[in-house]
Amino acid sequence: VLSHNLCTVLNVPHDPVALEEHFRDDDEGPVSNQGYMPYLNKFILEKVQGNFDKVEFNRMCWTLCAKKNLSKSPLLISDEDAFKVWVIFNFLSEDKYPLIIVPEEIEYLLKKLTEAMGAGWQQEQFDHYKIALNTSREGLSAWELIDLIGSGQFSKGMDRQTVSMAINEVFNELILDVLKQGYMLKKGHKRKNWTERWFVLKPNIISYYVSEDLKDKKGDIILDGNCCVEALPDKDGKKCLFLIKCLDKSFEISASDKKKKQEWIQAIQTTVNLLRVGSPPPHKEARQKRKELRQKLLAEQEELERQMKELQTANENKQKELETVRKQLEAAAARAAEEEKKRLQTQVELQDRFSLELEREKMVRQKMEEQVAQKSSELEQYLQRVRELEEMYKQLQEALEDEKQARQDEETVRKLQARLLEEESAKRAELEKWHLQQQQTIQMTEAEKQELENQRMIKEQALQVAMQQLEQLELERKEALEQYEEVKKKLETAANKTKSWKDKVAHHEGLIRLIEPGSKNPHLITNWGPAAFTEAELKQRQKSWKGKKATSE
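Predicted model only: the values in this text are computed from it and were never measured.

Visitor: Honestly, helix H11 (residues 282–381) in this entry has me stumped. Any pointers?
Guide: For an α-helix, 3.6 residues make a turn, and residues three or four places apart therefore share a direction. Here H11 is 100 residues long and its end C-alpha atoms lie 144 Å apart, about the 148 Å a rise of 1.5 Å per residue gives. Inspection of H11 places His283, Arg287, Arg290, Lys291, Arg294, Asn315, Leu322, Ala332, Arg343, Gln347, Phe354 and Met368 among the buried residues, and these make up the whole buried set.

Visitor: How should I be thinking about the UniProt feature "domain: PH" (unreviewed entry) in the protein in this particular structure?
Guide: With numbering aligned to this structure, UniProt lists the feature "domain: PH" (unreviewed entry) at residues 177–273. Within the segment residues 177–273, helix and strand shares are 16% and 44% respectively, and the terminal C-alpha atoms sit 16 Å apart.

Visitor: Would you take a moment to explain the side chain of Gln347 for this structure?
Guide: Inspection of the secondary structure assignment puts Gln347 in helix H11. Contacts of Gln347, omitting those with residues within four sequence positions, involve Glu424 and Arg428.

Visitor: Got a minute to help me understand the packing of aromatic side chains in this structure?
Guide: Where two aromatic rings form a pair, the distance of their centres and the angle of their planes describe that pair. Summed over the entire model, instances satisfying the criterion amount to 14 aromatic pairs. Considering the side-chain rings of Phe52 and Phe57, the 5.9 Å spacing of their centres and the 70° angle between planes classify their relative orientation as edge-to-face. Relative accessible area serves as the criterion here: at 22%, Phe57 is assigned to the partly exposed category. By way of ring pairs, the aromatic residues Trp62, Phe83, Trp86 and Trp143 are connected into one cluster.

Visitor: Looking at this model, I keep getting lost on unusual backbone geometry. Mind explaining?
Guide: Peptide bonds are trans in most cases, and residues, glycine excluded, mostly fall at negative phi. Phi is positive for Asp236, which is not a glycine, with a value near 55°. Along the chain, the position of Asp236 falls in the loop between strand S5 (228–232) and strand S6 (241–245). On the accessibility criterion, Asp236 (63% relative accessible area) is exposed. With a phi close to 55°, Cys240 is a non-glycine residue in the positive phi region. Here Cys240 lies in the loop between S5 and S6.

Visitor: For this particular structure, what's the right way to read helix H1 (residues 2–10)?
Guide: Buried residues of H1: Ser3, Leu6, Cys7 and Leu10, and no others. Around the axis of H1, the buried residues are gathered within 100° of arc, so they sit on the same side.

Visitor: What's the story with the environment of Ser164 in this structure? I'm lost.
Guide: Note on placement: Ser164 falls in helix H9 (residues 160–174). Between the C-alpha atom of Ser164 and that of Ile77, which follows or precedes it by 87 residues, the distance is 6.7 Å. At 3.0 Å, the side chain of Ser164 and the side chain of Asp81 are in polar contact.

Visitor: It is not clear to me how the confidence of the model for the protein should be interpreted in this structure. Could you clarify?
Guide: Keep in mind that low pLDDT regions are not for reading the predicted coordinates in detail. Of all residues in the protein, 90% have pLDDT values of 70 or greater, and the mean over the chain is 82. Within the protein, strand S8 (residues 525–526) has the poorest average pLDDT of any element, 56, and strand S3 (residues 205–209) the best, 92. Within the model, the stretch residues 509–514 combines pLDDT values under 50 with 11 contacts to residues more than four positions away or in other chains.

Visitor: Whenever I open this one, the nonpolar core confuses me. Can you help?
Guide: A general trend in soluble globular proteins is that nonpolar side chains are found buried together. Counting residues in each nonpolar core, the largest one holds 39 residues, and the members touching the most others are Trp62, Trp86 and Ile146. If you list the elements that add at least two residues to this core, you get helix H4 (54–69), helix H5 (79–92), helix H6 (103–117), helix H7 (123–134), helix H8 (142–150) and H9. Considering each element in turn, this core owes the most residues, 9 residues, to H5. In contact with Trp86, other than residues within four places in its own chain, are Asn58, Cys61, Trp62, Cys65, Ala142, Trp143 and Ile146. In this structure, Cys227, Ile265, Ala267 and Ile268 belong to the second largest nonpolar core, which totals 21 residues.

So, how was this worked out
Residues numbered from 1 in each chain as written. Predicted model: local features only at pLDDT ≥ 70, side-chain atom pairs only at ≥ 80, totals over all residues. Heavy atoms only, no water. Helix = DSSP H or I, 4+ residues; strand = E, 2+ residues; numbered from the N terminus. Expected span 1.5 Å × (residues − 1). Buried < 20%, exposed > 50% of the residue type's maximum accessible area, 1.4 Å probe, protein only. UniProt positions renumbered as here; feature names shortened; annotations may be inferred. Contact = heavy atoms within 4.5 Å. Phe/Tyr/Trp six-rings, centres within 6.5 Å; stacked < 30°, edge-to-face > 60°. Arc of directions from axis to C-beta. Polar contact = N/O pair within 3.5 Å; in protein donor to acceptor, adjacent residues only side chain to side chain. pLDDT = per-residue confidence, 0-100. Core = buried A, V, L, I, M, F, W, Y, C linked by side-chain atoms within 4.5 Å.

In structure tokens, the structure reads:
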């Protein structure tokens, strides 16, 4: 039934043989979405030429899904207005499943409705609503949008008729591509009389009707890049005249006032200019620009996240390098401290050794002086003892030689000590210079480390915010999947109910009858259409009618 109705609405020939062939293995149970989608794409959607009534197609889709999804709570809008909001949602929603309408498009639609109602736009109220919406999800579904508009949250103080007229005006503009409409007088081509008509301006045509209900169409004005519109002076008692020139015909039209005349001239001229450059209607072009802007912002956000990840990686690498440098500096400082300790210990040992040697030398000199004094005294006292004096003189000479040798050794030790002290001073100056350089390097490293630490904290905070947003998006995706599973179960339940309902309806007479794939028997043509009855059913109904007719006579 669904396939036959789709083919009828889309002006595609229905092939019952292909349907039976595609589902020949599924006769024992309901057809799943996975099994039906390939058939829908191959045998129906690929054959669509575009010459079908999109409103009727939308109305059929609305009939399939509205009953089980539309809110049961009372709304301020009618079912027809809810259908139009649903169609507008399909036009403004994002091109990905599940379909949602983002806050930017919600603001655009509510502004259009508010403008059509003649009310003022409450930007602060919508900002609060947008903040509450962004904290929980990316956008609204079709049914949530209908509940939002039907609740009257953004149309307080407006009656149902005003809201309905606003929805109808926005529907005509966005879906039916109605750029402008209204009553004007048109001059006839044959009788030259003036008749009031309802004019409807679309991107490539102006249609005029008897009234605004659009039931009795009187003609069309085909627009192209060669058309032009110009104002005319008042004549024959008619005011606010303007002329639409086409290749084969011209049309004289009279507006109700100068403002309407200027609005129509400007609207028609804008339409002709768009046809010349091959641009789409303004609302479609604006929607495409908004979509491209959102995609650009999303790409910039993704690029920013990528750069943040790269900066985080670079920061981690820099931290590792700084840690390595810090360890190297600590090791170098430890080695320098150890060397300084050894140097000081060596210096103390040398000083102790030199002090001992100097004390020893002093004691030796004092002893030698005492011996010289004693010898001198003995020499004066014992002159007679020449031999002993000569012996003592020889000993004195030897002592003098030892003293001379000791003095030479003392001079050598002093020179060695002076050289060691000079080397020690040079090494100490070099170590102090190296220590100063190390202190400067450590101070610079500490400053860089503090700056990098501040940058790391800022980036970690941004990363935490991004991670929270990512977790929120993951939760929303899981909720969307759960909703999808629930909708799938409801579809299967509705399919089973439809099957039982079909059996009940088959016993009733009249115009209510399901459209089913035709049988392979020769088709019968009746006032109910092709393949509405089999030959046996037709004979049975003929007998029933004849019996009723005989009874009434």
